[in-house]
Every structure is written in C-alpha cells, then in structure tokens.
Amino acid sequence: PDQQERAIQIIETVREQLAEGLDEVRETVSMLRTPAGTGISLSAALTQLAADFEQATHLPIAVSVPDDLPLLPEAARLALFRATQEAHTNVQRHAEATAASVHLTLSPGLASVNVRVKDNGRGMAEDAINNGFGLRGMQERIAQLGGTVDIESTPITGTSVSVTLPIGDSRDPA
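Residues numbered from 1 in each chain as written. Predicted model: local features only at pLDDT ≥ 70, side-chain atom pairs only at ≥ 80, totals over all residues. Heavy atoms only, no water.

Trainee: When you look at the pattern of salt bridges in this model, what are you seeing that I'm missing?
Mentor: Working definition: two side chains of opposite charge can pair if their charged atoms are close together. Tallied over the full model, the rule gives 2 salt bridges. For Arg-77, the salt bridge goes to Glu-74, with nearest N and O atoms at 2.2 Å. With Arg-77 and Glu-74 both in helix 3 (residues 74–95), this residue pair falls 3 residues apart, about one helical turn. We classify Arg-77 as buried; its relative accessible area is 5%. With relative accessibility at 36%, the residue Glu-74 sits in the partly exposed group. (Salt bridge = Lys/Arg side-chain N within 4 Å of Asp/Glu carboxyl O. Helix = DSSP H or I, 4+ residues; strand = E, 2+ residues; numbered from the N terminus. Buried < 20%, exposed > 50% of the residue type's maximum accessible area, 1.4 Å probe, protein only.)

Trainee: How do you make sense of the side chain of Ser-101 when you look at a structure like this?
Mentor: With respect to the element layout, Ser-101 can be found in strand 2 (residues 100–106). Other than its neighbours up to four places away in sequence, Ser-101 contacts Ile-61, Ala-62, Arg-116, Val-117 and Lys-118. (Contact = heavy atoms within 4.5 Å.)

Trainee: What's the story with the packing of helix 3 against helix 5 (residues 133–144) in this structure? I'm lost.
Mentor: To characterise two packed helices, one gives the angle between the axes of the helices and the distance between these axes. Contact geometry of helix 3 with helix 5 gives a least axis separation of 10 Å together with a crossing angle of 165°. Here helix 3 is positioned roughly antiparallel relative to helix 5, judged by the angle of their axes. Crossing of helix 3 over helix 5 shows left-handed handedness. Side by side, helix 3 and helix 5 meet where Ala-79, Arg-82, Ala-83, Glu-86, Ala-87 and Asn-90 of the first sit next to Gly-134, Leu-135, Met-138, Arg-141 and Ile-142 of the second. (Axes fitted to C-alpha atoms, helices over the stretch in contact; angles between N-to-C directions. Parallel < 35°, antiparallel > 145°, perpendicular 65-115°, else oblique. Left-handed = near helix turned anticlockwise from the far one by under 90°.)

Trainee: Sorry if this is basic, but what is going on with the nonpolar core here?
Mentor: One broad trend across soluble globular proteins is that nonpolar side chains are buried collectively. Among the nonpolar cores identified, the biggest contains 34 residues, and Leu-42, Leu-80, Val-113, Met-138, Ile-142 and Val-163 are the most heavily contacted of them. Among the elements that line this core, the one with the most residues is helix 3, at 8 residues. Residues contacting Val-163, with those up to four places away along its chain left out, are Leu-80, Ala-83, Val-113, Asn-114, Val-115, Met-138, Ile-142, Thr-148 and Val-149. (Core = buried A, V, L, I, M, F, W, Y, C linked by side-chain atoms within 4.5 Å.)

Trainee: Explain a negative patch on the surface here, please?
Mentor: A contiguous patch of negative charge, built from Glu-12, Glu-16, Glu-20 and Asp-23, is present on the exposed surface. With a relative accessible area of 47%, Asp-23 lands in the partly exposed category. (Patch = residues over 30% accessible without salt bridge, like charges linked within 9 Å, V, L, I, M, F, W, Y side chains within 5 Å. Areas by Shrake-Rupley, 256 points an atom, 1.4 Å probe, with all protein chains shown as cover. Lys, Arg positive; Asp, Glu negative; His and termini not counted. Charge placed at Lys NZ, Arg CZ, Asp CG, Glu CD.)

Trainee: Where do I start with helix 5 in this structure?
Mentor: An α-helical turn contains 3.6 residues, so a residue and the one three or four places further along point in the same direction. Here helix 5 spans 17 Å end to end across 12 residues, near enough to the 16 Å set by a 1.5 Å rise per residue. Positive phi shows up at Gly-146, right after helix 5, with a value of about 80°. (Expected span 1.5 Å × (residues − 1).)

Trainee: What should I look at first to understand the sheet that holds strand 5 (residues 158–166) in this one?
Mentor: Backbone-to-backbone hydrogen bonds pair the strands of a sheet. The strands run either parallel or antiparallel. Spatially, 1-2-3-5-4 is the arrangement adopted by the 5 strands of the open sheet, whose pairing is mixed. With partners counted over all chains shown, the strands left at the sheet margins are strand 1 (61–64) and strand 4 (148–154), one partner each. Strand after strand, the sheet turns through a mean of 10° between neighbouring axes, direction not considered. One ladder, built from 7 bridges, connects strand 4 with strand 5; its direction is antiparallel. Among the inter-strand pairings, Asp-150 is bridged to a residue of strand 5, identified as Ser-162. Sheet contacts for helix 2 (residues 42–57): strand 1, strand 2 and strand 3 (112–119); angle to strand 1, the most-contacted strand, approximately 175°. (Pairing = 2+ DSSP bridges.)

So far we have only geometry, and geometry alone does not tell us how the molecule works.
As structure tokens, then:
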C-alpha cells in the first residue's frame with residue numbers, strides 16, 4: 001500500500017507539472033501572435049506587448065515611446081518587436097525582477113531606432129549572455145538587418161538589452 005500511495009503521488013505531481021508546462025507553452029504561443037504584423041505602429045505594438053506581459057506576470061513595465069515615430073519597414077518593426085518579446089521572456093524566466101522598462105528612441109537625423117529593455121533583477125552570468133538560444137537568435141535576426149544587440153548585466157543593477165537598427169532613408173513613408 002505505501003508504494004501504491006507513493007506512485008499515485010508521483011503521478012499526480014507529474015500531471016501538475018505537465019499542466020503547468022502546457023499553460024506556459026500556450027502563453028508563449030499566445031504571445032507569438034504579434035500585433036506588429038497587424039499594421040499598427042511599433043510604439044503601439046510595444047505598448048500593448050508590455051501591457052499584456054504585465055497582466056500575465058504582474059511585473060510592472062514602464063514604457064517610453066516617442067509620439068512621432070515614423071512608420072518603419074515591416075522587417076525592422078517585427079525584429080524590434082520580437083527582440084523586445086524575447087527580452088521580456090528572459091525577465092520573466094530568469095531575472096527575479098520586481099520592475100522592468102522599455103524605452104524606444106530615435107537617433108538624431110532618424111538614422112537608427114533603439115529599443116532598450118531593462119530590469120532590476122539579479123543579472124546574468126557571462127556564459128548565459130553568450131550561450132542562450134533566445135539571445136543568440138535575437139542577435140542573429142538583428143544582425144541580418146544591419147543592427148546590433150548590446151547586453152549589460154550586473155547582479156546589482158540587473159540586465160539591459162539594447163537593440164539598435166539602422167533605418168536611414170529606407171523607412172516607409174509615414
């Protein structure tokens with residue numbers, strides 16, 4: 001009887017873990033449905049992403065986006081949206097943060113656009129910065145568009161992921 005009860009407990013624990021895993025997969029798939037592809041501005045897409053993330057995780061995210069952001073090429077909008085989404089996912093999974101922020105800025109002369117996601121969490125080890133699949137994928141996607149990803153992380157100040165893409169004259173007319 002003791003082994004049977006133990007087996008039942010183990011099966012119940014596995015069921016709970018599977019249900020939690022399935023919930024996480026569903027949430028991830030839901031977040032992959034991007035408003036960036038629906039014709040809304042990057043500013044609106046990032047604001048909505050932060051609101052959805054905050055609602056799902058209860059982690060406050062301050063958002064700062066310019067009112068006069070020009071319409072960017074679809075590839076740039078999607079890459080910046082996905083990079084922000086990946087940074088949010090890392091905050092949720094690894095940072096143990098109590099707050100985060102998203103800042104979208106344009107360079108003088110509109111040569112480039114930058115999105116910076118910062119958290120006040122525990123920081124990342126150097127090998128995590130260089131070996132994480134999500135971060136590596138982010139860096140590859142941004143590099144294909146001629147951009148850069150800069151990651152700064154310390155145990156005291158948390159992590160900052162800064163993504164910069166050139167836009168120059170290639171942006172869509174507003």
